[in-house]
Amino acid sequence: TFFPFSKPSDLILPINSLDQQATIRCEAEGSPSPQYRWSLNGTLIDLGNDYRRHMSGGNLIISSLDRDQDTGIYQCTAFNTWGSILSRRASLQFAYLDNFKTQTVRSAVNVREGQGVVLLCGPPMHSGELTFAWIFNEYPYFVQQDTRRFVSQETGSLYIAKVEPSDVGNYTCVVNNTITREKVLSSPTPLVLRSDGVMGEYEPKIEVHFPDSVPAAKGSVVKLECFALGNPVPEISWRRTSGVPFPSKVKMKNSNAVLEIPNFQQEDAGTYECVAENSRGKNTARGRISFHAKPHWLQTMTDSALSIEENLFWECKANGKPKPSYSWLKNGENIMSEGRIQIENGALSIAALNLSDAGMYQCVAENKHGIIYSSAELMVLASPPSFSKSPLRALLKARSGSEVTLECKPQASPPAISLWKKGNEILQRTERISLLPNGTLKIANVTRRDAASYTCIAKNQFGTASTTGRLLITEPTRITLRPTNMEIIVGESIVLPCQIACDPALDVSFSWAFNGQLIDFQRDGDHFERVGGSISGDLMIRNIQLNHGGKYVCVIDTDVESLSTSAILVVKGPPGPPDKVAVEEITDSTAQLSWTPGRDNGSPITGFIIQARTPFTVGWQAVDTVPEVINGNMLTATVVGLNAWVEYEFRVVARNSVGMGEPSPASAKTRTEDAIPDTAPTDVGGGGGTKSELVITWEPVPEELQNGEGFGYIIAFRPVGTVTWTRAVISTPGVARYVFRNDTIPPFAPFDVKVGAYNNRGEGPFSSIATVYSAEEVPSVAPKRVRARSVSAAQIEVIWEALPTIPERVLGYEVLYWEDDTKPDTVGKVRITGNYTLVNVTGLDANTPYYLAVAAFNTAGSGPQSAPINTTTKKPPPGQPPLNVEWTMIGSTLTLHWDPVVAMDTESEVTGYMVGITVSTSLSLSANDNYLIQIKALSEGGEGVGSEPIHIHKLSMGARGSGSAGLSPMCLSAVLISALLCSFW
């Protein structure tokens with residue numbers, strides 16, 4: 001078998017590549033792998049006797065290139081045992097450029113001023129594309145093309161429309177080969193100005209024009225040249241005779257002397273006209289550009305495998321311009337119409353195929369612009385019947401009463417003739433038994449009497465074959481328990497039954513479909529599970545959701561039939577969210593709402609609840625409505641009890657017999673109208689301040705209760721027992737304090753005080769009247785008989801004598817203390833409220849002198865201080881813990897021994913020890929308790945560092961032990977009769 005070629009491509013090589021090599025590629029696929037051969041100009045290349053040419057795979061490699069021997073048309077043939085196919089043709093050419101034949105100066109060209117002239121180039125022999133230019137007098141001065149001068153790239157000649165004196169000089173034609181990049185120069189041609197006068201004006205004469213017929217290939221770049229001589233210099237223009245304007249891709253170059261059409265297409269074909277015009281007249285040149293395209297396939301043939309004596313018909317179709325012609329090849333050789341073989345254009349037919357017709361065929365489409373090949377293999381089959389690929393099933397099961405089809409499809413070439421046997425009996429057609437022309441056996445309305453072995457026998461001229469299968473008739477399957485239509489609440493679980501009774505010889509499988517889609521139990525295992533045994537396909541649905549409502553179908557498949565049963569499941573759930581909540585009308589305390597209902601989800605909506613949210617609430621809150629209860633048929637309601645001048649959002653929640661649904665989207669934010677304040681400030685009080693002040697305080701009204709813009713407070717006060725109120729206004733809503741200053745205010749005098757609110761709509765209510773005292777004066781007398789005693793390293797006890805009755809009120813006393821009397825600003829302070837005369841100052845540094853003073857205070861501040869006194873704190877307690885603690889526990893008596901603690905010079909002397917006991921269950925010395933014991937040294941400076949804790953368990957009674965190892969202890973003892981014992985030497 002062959003597959004398409006990689007196609008050889010045309011090559012044009014520069015003449016200077018003769019010492020190099022060229023590779024023409026050819027590749028085909030087939031089994032067995034193909035071999036290759038090459039031809040040049042139709043003659044087979046003998047590679048065995050050619051030292052310059054050899055093959056690599058299917059590629060032809062040519063070394064030491066020779067223009068005379070290697071130029072031509074190459075074609076590759078690929079072949080194997082199945083046949084041969086040809087590649088497309090490839091052309092190999094050599095580009096070159098000869099020198100001009102003569103290098104002498106050319107004859108002078110004599111012209112009159114104003115006359116037009118043509119200087120001929122006459123390029124030498126060459127191969128490959130050329131470009132032309134002209135040198136004026138000497139290199140590198142090239143003739144510049146403009147409206148008056150033009151160099152044709154078709155002829156190479158130089159055209160001067162109107163000669164001027166500046167044109168006099170020598171002209172040399174420069175020829176370039178674009179492939180070899182060679183350049184040759186002609187002999188100079190002198191241009192001489194005649195002396196017999198100036199040429200008069202004359203009409204244009206077109207010297208350069210394109211042919212009457214220009215063939216152009218699809219996709220190519222078409223260039224048309226047109227240039228005229230004349231005096232004055234003619235202007236060139238272009239048009240299509242059809243009047244169709246040029247598309248944007250068309251370009252005019254060289255002062256309109258060249259018309260360029262890139263990517264030429266069918267619509268670009270037509271007659272083009274060049275117009276040369278000056279003041280003396282005009283002249284035209286016309287030519288038709290015809291569209292040409294290489295062939296390309298519209299329809300190709302495919303590989304065919306046909307039996308002997310069958311008929312072959314292949315057809316291929318190609319498009320091209322001009323219309324392509326067709327030919328056919330077999331194994332690379334032309335096929336002619338003859339006898340069984342008929343060829344008509346692109347169609348090939350062969351009647352009554354025989355084995356010699358097998359091979360590789362190619363359809364060839366060709367026009368003058370190209371040739372294309374389509375390849376296919378024809379296999380002619382001749383074989384005896386075989387059931388190796390399509391035997392009867394060894395056991396075929398069928399339901400009683402059904403129709404049975406047994407197919408007899410042997411592989412045979414030519415097709416085989418078949419007959420059927422039941423056991424050893426040849427079957428004949430009856431009312432129930434059909435024998436079809438293709439060998440198929442059909443038995444209608446089968447019964448148990450049809451159960452038997454059936455054999456198909458196939459035969460052709462090459463042999464005979466047979467295949468046998470046994471037919472088993474089973475009883476019909478019955479559904480014994482079906483699912484029923486149900487209603488269920490979302491979140492519950494159910495089982496849909498599907499159970500059958502069937503013939504034990506059958507294999508049974510169950511599947512479920514939901515709304516027409518097969519349930520994937522692995523993917524949807526969170527909700528669906530198949531339960532039951534071999535004759536049960538029950539479906540369990542767990543945690544049912546709303547989207548599980550629909551039609552469920554149980555499908556039972558056996559070897560012989562397929563049954564199904566279905567049920568509708570209605571899932572009820574809370575209602576869906578309402579929608580389109582809108583505020584239809586709003587006042588300072590009410591809002592009329594409307595909405596549309598959501599889905600009822602299987603249970604009618606019984607009512608609605610309205611919720612509201614403001615910038616001042618935490619989340620959504622239920623609100624009061626009119627009517628108080630909104631039933632499920634209502635889609636409007638009025639919200640009442642709203643605060644004035646507050647921005648509200650509303651949403652609606654529906655309910656049904658299942659429960660509350662999801663809330664609707666929020667309505668647009670809407671502000672209630674403003675109103676006079678209806679809430680008075682609370683917690684009116686005050687007092688304190690400095691001399692001649694009345695301080696009034698209150699709890700500000702929250703923003704949501706201010707009812708409008710321009711909110712503020714009105715403060716009213718009067719001395720107790722008087723009638724006239726003094727008023728003050730504060731326009732800042734957040735202020736909660738007002739101070740009235742007046743030298744006539746007596747100290748600690750009672751006042752009636754009330755605070756009201758107002759906004760732009762007016763004044764609101766006042767608070768209830770509260771009694772507030774004016775500021776009092778500080779105590780005028782300092783405490784006397786102040787004494788201080790150092791209690792420990794960190795504590796000083798201060799005692800003083802209470803003040804006698806004075807005009808000012810005394811709320812308590814404060815003790816001030818500092819370390820350095822030269823820096824009294826380093827002060828600590830301890831305050832005690834009430835008529836106390838003793839305080840302990842704690843948190844002090846050890847062994848440090850402190851200065852102390854006492855003063856009385858009230859709300860106005862502190863009075864004068866007593867004269868300072870000083871005392872020094874004790875030295876710090878010992879920093880060494882008791883060591884080498886040992887213990888003995890006999891009955892309820894615990895005996896302890898430890899090393900004495902020796903104080904340092906900078907520490908307080910040891911005055912005793914403290915033994916601390918922690919009992920796990922009680923403080924009694926019970927044999928059933930566990931104990932934790934720690935010993936500390938005592939001193940004037942306080943408690944020392946504790947020893948390592950000793951753990952004594954209840955099982956240790958009558959035992960002894962030690963807290964830690966050490967030197968021989970000094971024996972001390974303590975008898976414990978309580979949880980804590982302090983003993984002193």
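The rules behind each value
Residues numbered from 1 in each chain as written. Predicted model: local features only at pLDDT ≥ 70, side-chain atom pairs only at ≥ 80, totals over all residues. Heavy atoms only, no water. UniProt positions renumbered as here; feature names shortened; annotations may be inferred. Helix = DSSP H or I, 4+ residues; strand = E, 2+ residues; numbered from the N terminus. Rg over C-alpha atoms; globule rule 2.2 N^0.38 Å. Buried < 20%, exposed > 50% of the residue type's maximum accessible area, 1.4 Å probe, protein only. Contact = heavy atoms within 4.5 Å. Areas by Shrake-Rupley, 256 points an atom, 1.4 Å probe, with all protein chains shown as cover. Lys, Arg positive; Asp, Glu negative; His and termini not counted. Charge placed at Lys NZ, Arg CZ, Asp CG, Glu CD. Polar contact = N/O pair within 3.5 Å; in protein donor to acceptor, adjacent residues only side chain to side chain. Pairing = 2+ DSSP bridges. Axes fitted to C-alpha atoms, helices over the stretch in contact; angles between N-to-C directions. Patch = residues over 30% accessible without salt bridge, like charges linked within 9 Å, V, L, I, M, F, W, Y side chains within 5 Å. Salt bridge = Lys/Arg side-chain N within 4 Å of Asp/Glu carboxyl O. Disulfide = S-S within 2.5 Å. pLDDT = per-residue confidence, 0-100. Core = buried A, V, L, I, M, F, W, Y, C linked by side-chain atoms within 4.5 Å.

The name that an unreviewed UniProt entry assigns to the chain is Contactin 3b, with the source organism given as Myripristis murdjan. UniProt lists a comment for the chain under the heading Sequence similarities (unreviewed entry), and it reads "Belongs to the immunoglobulin superfamily. Contactin family." Here the chain is described in UniProt, under the heading Subunit (unreviewed entry), as follows: "Interacts with PTPRG."

Participant: Help me out: how do you make sense of the overall build of the chain in this one?
Facilitator: For the chain, the helix and strand inventory stands at one helix and 91 strands. Taking 30 Å as the expected radius of gyration for a compact globule of 985 residues, we find that the chain reaches 61 Å, considerably beyond that expectation. Per-residue burial for the chain yields a buried fraction of 42% across its 985 residues. Of all intrachain contacts in the chain linking residues separated by at least 6 positions in sequence, the fraction that spans at least 24 positions is 65%. Put simply, the chain shows about 51200 Å² of open surface, and 50% of that area lies on carbon and sulfur atoms. Treating the 84 positive side-chain charges of the chain as one cloud and the 100 negative ones as another, the clouds have centres 9 Å apart.

Participant: Sorry, what's going on with the side chain of D899 here?
Facilitator: Among the structural elements, D899 can be located in strand β85 (residues 893-899). A polar contact is formed between the side chain of D899 and the side chain of N884, at a distance of 2.3 Å.

Participant: It is not clear to me how the sheet that holds strand β38 (residues 370-381) should be interpreted in this structure. Could you clarify?
Facilitator: Sheet strands pair via backbone hydrogen bonds, and the direction of the pair is either parallel or antiparallel. An order of β30-β38-β37-β33-β34 is seen for the five strands of this open sheet, with the pairing classed as mixed. The open sheet terminates on both sides in strands that have one partner only, identified here as β30 (304-307) and β34 (333-334). Alignment of strand β33 (residues 325-330) against strand β37 (residues 359-367), held across six bridges, turns out to be antiparallel. The residue of β37 that forms the bridge with K330 is Y361.

Participant: Help me understand the sheet that holds strand β7 (residues 53-56) in this model?
Facilitator: Judged by pairing direction, the sheet is antiparallel, and its three strands sit side by side in the order β3-β8-β7 without closing on themselves. Of all the strands in the sheet, the pair left with one neighbour each is β3 (22-24) and β7. Strand-to-strand twist in this sheet, taken as the mean axis angle between neighbours without regard to direction, amounts to 25°. Bridge count for β7 against strand β8 (residues 59-62) is four bridges, and the pairing is antiparallel. Across the sheet, the residue bridging to H54 is I61, located in β8.

Participant: Would you mind showing me how to read a negative patch on the surface here?
Facilitator: There is a patch of like negative charges on the surface, built from E819, D820, D821 and D845. With respect to the element layout, D820 can be found in the loop between β78 (812-818) and β79 (827-833). Overall, D820 belongs to the partly exposed group, its relative accessible area being 34%.

Participant: Could you clarify how one ought to interpret the pairing of strand β76 (residues 784-790) in this entry?
Facilitator: Here β76 runs beside strand β77 (residues 796-801); their pairing, made up of five bridges, is antiparallel. Opposite R789, over in β77, you have E797 as the bridge partner. Connecting the antiparallel pair β76 and β77 is a turn made up of five residues.

Participant: For this particular structure, what's the right way to read the environment of T155?
Facilitator: Relative to the elements of secondary structure, T155 occurs in the loop between β16 (149-151) and β17 (158-160). For the pair formed by T155 and N263, sequence separation is 108 residues and the distance between their alpha carbons is 24 Å. Discounting residues that sit within four places of it in the chain, T155 has contacts with C121, P123 and F132. A polar side-chain atom of T155 sits 3.4 Å from a polar atom in the side chain of Y159.

Participant: Looking at this structure, how should I read the side chain of S304?
Facilitator: Along the polypeptide, S304 turns up in strand β30. Of the residues examined, S304 reaches a relative accessible area of 18% and is grouped as buried. Among the polar contacts listed, one links the side chain of S304 to the side chain of W314, at a separation of 3.3 Å.

Participant: Sorry, what's going on with the environment of G686 here?
Facilitator: One can find G686 in strand β68 (residues 682-686). Leaving out residues up to four positions away in the same chain, G686 has contacts with V695, I696, T697 and V772.

Participant: Whenever I open this one, the UniProt feature "domain: Fibronectin type-III" (unreviewed entry) in the chain confuses me. Can you help?
Facilitator: Using the residue numbers shown here, the UniProt feature "domain: Fibronectin type-III" (unreviewed entry) corresponds to residues 577-675, 680-777 and 782-876. For residues 577-675, the helix share is 0%, the strand share is 47%, and the end-to-end C-alpha distance is 34 Å. Secondary structure content for residues 680-777 is 0% helix and 50% strand, while the C-alpha to C-alpha distance between its ends is 32 Å.

Participant: Before we go on, may I ask you to explain the state of the cysteines in this structure?
Facilitator: Following the criterion strictly, the structure yields six disulfides and no others. Note on cysteine connectivity: C408 is disulfide-linked to C456, with sulfurs 1.8 Å apart. A torsion of -65° about the S-S bond marks the disulfide between C408 and C456 as left-handed. With C408 in the loop between β41 (404-406) and β42 (411-413) and C456 in strand β47 (residues 452-460), the pair connects residues that are 48 residues apart, well separated along the chain. Residue C408 shares its accessibility class with C456, and that shared class is buried. Along the chain, the cysteines engaged in disulfide bonds are linked according to the scheme 1-2, 3-4, 5-6, 7-8, 9-10, 11-12 when indexed in sequence order. You can see C502 has no disulfide; the closest cysteine sulfur is in C498, sitting 12 Å from it.

Participant: Looking at this structure, how should I read the confidence of the model for the chain?
Facilitator: Atom-level detail of predicted coordinates should not be read off regions where pLDDT is low. When the pLDDT values of the chain are averaged, the result is 89; 93% of them are 70 or greater. This model gives residues 1-7 a pLDDT under 50, and the stretch forms 35 contacts once residues within four places in sequence are excluded. Here residues 964-985 is modelled with pLDDT under 50, and outside its nearest four sequence neighbours on either side it reaches 56 contacts, counting other chains as well.

Participant: Sorry if this is basic, but what is going on with the pattern of salt bridges here?
Facilitator: A side chain with one charge can pair with a side chain of the opposite charge if their charged atoms come near. If you walk through the whole model with that rule in mind, you get 37 salt bridges. One salt bridge in this structure joins D752 and R718, with 3.3 Å as the shortest N-O distance. Residue D752 is found in strand β73 (residues 750-759), and its partner R718 is found in strand β70 (residues 712-719); the two are separated by 34 residues along the sequence. Here the two residues D752 and R718 agree in accessibility, since each one is buried. Across the pair K874 and E940 runs a salt bridge, and its minimum N-O distance is 3.8 Å.

Participant: Hey, could you run me through the nonpolar core in this one?
Facilitator: The nonpolar side chains of soluble globular proteins are, as a tendency, buried together. Counting residues in each nonpolar core, the largest one holds 22 residues, and the members touching the most others are L224, W238, F264 and I289. Within the residue set of this core, elements represented by two or more residues are β22 (213-217), β23 (222-225), β25 (235-240), β27 (258-261), β28 (270-278) and β29 (281-299). Top contributing element to this core by residue count: β29, with four residues. The next biggest cluster of nonpolar side chains, apart from the first, holds 21 residues, and it includes C408, I433, L435 and C456.

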